[in-house]
Amino acid sequence: MSGPLIVLVGPMGVGKSTVGELLAERLNTTYRDTDADVVATAGKAISEIFFDEGEERFRDLERQAVQESLARHTGVLSLGGGAVLDEGTRTLLAGLPVVYLSMDVDEAVRRVGLNTARPLLAVNPRRQWRELMDARRHLYEEVARTTVATDDRTPEEVARAILDALELPEHTGQTVPSGRENTPMTEQGTTRIRIAGTAGTDPYEVLVGRRLLGELPQLIGDRAKRVAVLHPEALAETGEAVREDLAAQGYEAIAIQLPNAEEAKTVEVAAYCWKALGQTGFTRTDVIVGVGGGATTDVAGFVAASWLRGVRWIAVPTTVLAMVDAAVGGKTGINTAEGKNLVGAFHPPAGVLCDLAALDSLPVNDYVSGMAEIIKAGFISDPVILDLVEADPQGARTPAGPHTAELIERSIRVKAEVVSSDLKESGLREILNYGHTLAHAIEKNERYKWRHGAAVSIGMVFAAELGRLAGRLDDATADRHRAVLESVGLPLTYRGDQWPKLLENMKVDKKSRGDLLRFIVLDGIGKPTVLEGPDPAVLLAAYGEVSA
């Protein structure tokens, strides 16, 4: 028989790629995905094709990829979710062993979730999923020889059902890759990092992966009647989509829009949130969800900590910085004229959902800014992070890089280990502030208009030079700071004439004790320590090394 051995069709997120690869292994043949062919031809992600050139251009590329694959591929083939919309494609599929993988709407939202790389589900996943399926279900059924439901089945179980339905013999001697057999499809590619409870707080998990929105109801729980979704103005559509989805599941859900970035971290904004909660009748069993960058999760956590002396909250960080730093650990706060995060509380979330798909549309400067916190984790604890960045600096600058998930997961694990031992920054947790003493002073001096990561980058170079001048750090490691940070495009210098102002700002830093300045420095990679009351001349000399 010419043509593919099996053709998989079905909606986005149903697991065609995972099942297709399993089938190819079981049948000792090759696997091909027409979406991957489209990406290779266009040289850009599907979401970018939709944004830059429109859906019509994507469908043209998809049609060409399908025709080529059906003519030449003899293994297992999966088609994009909308490929069956084309009449010519449906004609070509006639008589072929086509399998329709189906799933219901609740499972679809759980799997697809906040995945902004799915351009047709970018606003309201639940409603738009129903609309898509109403338009496509009969087409899937028209072209399919058999239908296999995927709900509550592992990829292995789905693959077995397909082989049975098509009466295809499994190739003996082929084995299923370790760990796949008992992994539910909804968990494919999701990493769970546990944060231990301390000081009377409950443990919680940080989930890293894609299609994580479906985890929200389980985290919110049955006791909650009301949910407030806090989001920045820039994510108005996403915030409203989350609100609508929660409302559809029976919660009294409201959306509270915050200003963008650091402008949200004021007492006036917090008071606005308190007013909204009061007018809605928020009780201690209700839940706050913060969707956005670090500023949003800081405010959401602080509002949750202060309302009724503490209600549960869930973080849905959408930037690198928020995923690896702000949303993990329970430090919440707002800024004042006197300094950054001087008003706040330690109030850990009930869970953190780090959906990597949210990074696909993040502006490059915001993405690179978050790399500063990842690199910091490498210097204070995990040198593998530094090795990964140095191996591919350009890849580290983009969510499409080969090590994105590993870099983020490793950084979160560093913070998880620290905050699990020291929630309230009484000792060990101070090491997470490496580079932050000067960074916060710079941010205040710039009236919080600078990106946090840019300031932290300069702060780390300063801390490295301070450690070198204090006889703590070797030259090679100090120089490595500059090389790694510069390789991803982070700044290394600040205005030299600002030292007097910066010094005054640092005196109100949270790590200071009375008038005694304290800095985190390194004795070597992975060996952070505290330097108390350094000589003013040494401080000035270290700043001279980062002065522009």
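Rules of the game
Residue positions are given per chain, counted from 1 along the sequence in the order it is written. pLDDT decides what is reported in this predicted model: residues at 70 or higher carry local features, side-chain atom pairs at 80 or more are listed and counted, and totals for whole chains, interfaces and linings draw on all residues regardless. With hydrogens and water set aside, each side-chain value is computed from the structure's full complement of heavy atoms. Note: two strands are recorded as paired if DSSP finds a minimum of 2 bridges between them. Runs of E in the DSSP output that reach at least two residues are strands. Runs of H or I that reach at least four are helices, and both are numbered from the N terminus. With axes taken as lines fitted to C-alpha atoms, and helix axes fitted only over the stretch in contact, angles between N-to-C directions fall between 0 and 180 degrees. Contact between two residues is taken to exist if any of their heavy atoms lie within 4.5 Å; hydrogens are not considered. Accessibility here uses a 1.4 Å probe with only protein chains present; expressed as a share of the type maximum, an area under 20% marks a residue as buried, one over 50% as exposed, and anything in between as partly exposed. A 3.5 Å cut-off defines polar contacts: any pair of N or O atoms within that distance qualifies, except that in protein one atom must be a possible hydrogen donor and the other a possible acceptor, and neighbouring residues in sequence count only when both atoms are side-chain atoms. An arc is given here, and it is the one of the directions from the helix axis to the C-beta atoms. Salt bridges are defined as contacts in which a side-chain nitrogen from Lys or Arg sits within 4 Å of a carboxyl oxygen from Asp or Glu.

*Asks:* Quick one: what's the story with the sheet that holds strand β8 (residues 226-232), residue by residue and with numbers?
*Replies:* Consider a sheet: its strands pair through backbone hydrogen bonds, and that pairing is either parallel or antiparallel. Sheet architecture is open: seven strands sit in the order β6-β7-β14-β11-β10-β8-β9, paired in mixed fashion. Bordering the open sheet on either side are β6 (191-195) and β9 (252-258), each of which pairs with just one other strand. Between one strand and the next, the sheet's axes are offset by a mean angle of 15 degrees, whatever the strand orientation. Sheet contacts for helix α10 (residues 236-248): β8, β9 and β10 (287-292); angle to β8, the most-contacted strand, approximately 170 degrees.

*Asks:* Break down the side chain of E373 for me, citing the residues and quoting the values.
*Replies:* Inspection of the secondary structure puts E373 in helix α14 (residues 364-380). Given a relative accessible area of 2%, E373 falls into the buried group. Reaching out from E373, the side chain makes a polar contact with the side chain of H436 at a distance of 2.8 Å. With sequence-adjacent residues up to four places away left out, E373 is seen in contact with L321, V324, D325, H436, H452 and V456.

*Asks:* Give me helix α2 (residues 34-42): which residues, what numbers.
*Replies:* Listed in full, the buried residues belonging to α2 are T34, D37 and V38. Summarising the axial view, the buried residues of α2 lie within an arc of 100 degrees, below the 170-degree limit, and thus occupy one face. Tucked inside the fold, the buried residues of α2 contact β2 (31-33), α3 (46-53), α4 (55-72) and β3 (76-78). Sitting at the amino-terminal end of α2 is D33, which places a side-chain oxygen 2.8 Å from the backbone nitrogen of D35. Note on α2: the residue one or two positions beyond its end, G43, has a positive phi of about 75 degrees.

*Asks:* Which residues make up the sheet that holds β3, and what are the values?
*Replies:* With parallel pairing, the five strands of this open sheet are ordered in space as β2-β3-β1-β4-β5. One side of each edge strand has no neighbouring strand; the edge strands of this open sheet are β2 and β5 (146-149). Pairs of neighbouring strands in the sheet enclose a mean axial angle of 25 degrees, with direction left out of account.

*Asks:* Pulling in residues and values, what's your account of unusual backbone geometry?
*Replies:* Although it is not a glycine, R211 adopts a positive phi angle of roughly 60 degrees. By the secondary structure assignment, R211 is in the loop between β7 (204-209) and α9 (216-220). At R447, a position not held by glycine, the phi torsion is positive, near 55 degrees. Along the chain, R447 turns up in the loop between α18 (436-445) and α19 (452-469).

*Asks:* Quick one: what's the story with the pattern of salt bridges, residue by residue and with numbers?
*Replies:* Side-chain pairing between opposite charges can occur once the charged atoms of the two side chains come close. All chains considered together, the criterion is met by 37 salt bridges. For K340, the salt bridge identified is with E443, shortest N-O distance 2.7 Å. Linking K340 in strand β13 (residues 339-346) with E443 in helix α18, this pair joins segments that are 103 residues apart in sequence. No difference in accessibility class separates K340 from E443, as the two residues are buried. Residue R410 is joined to D382 by a salt bridge in which the shortest nitrogen-to-oxygen separation is 2.9 Å. Of this pair, R410 sits in helix α17 (residues 404-421) while D382 is found in the loop between α14 and α15 (383-391), placing the two residues 28 residues apart along the sequence.

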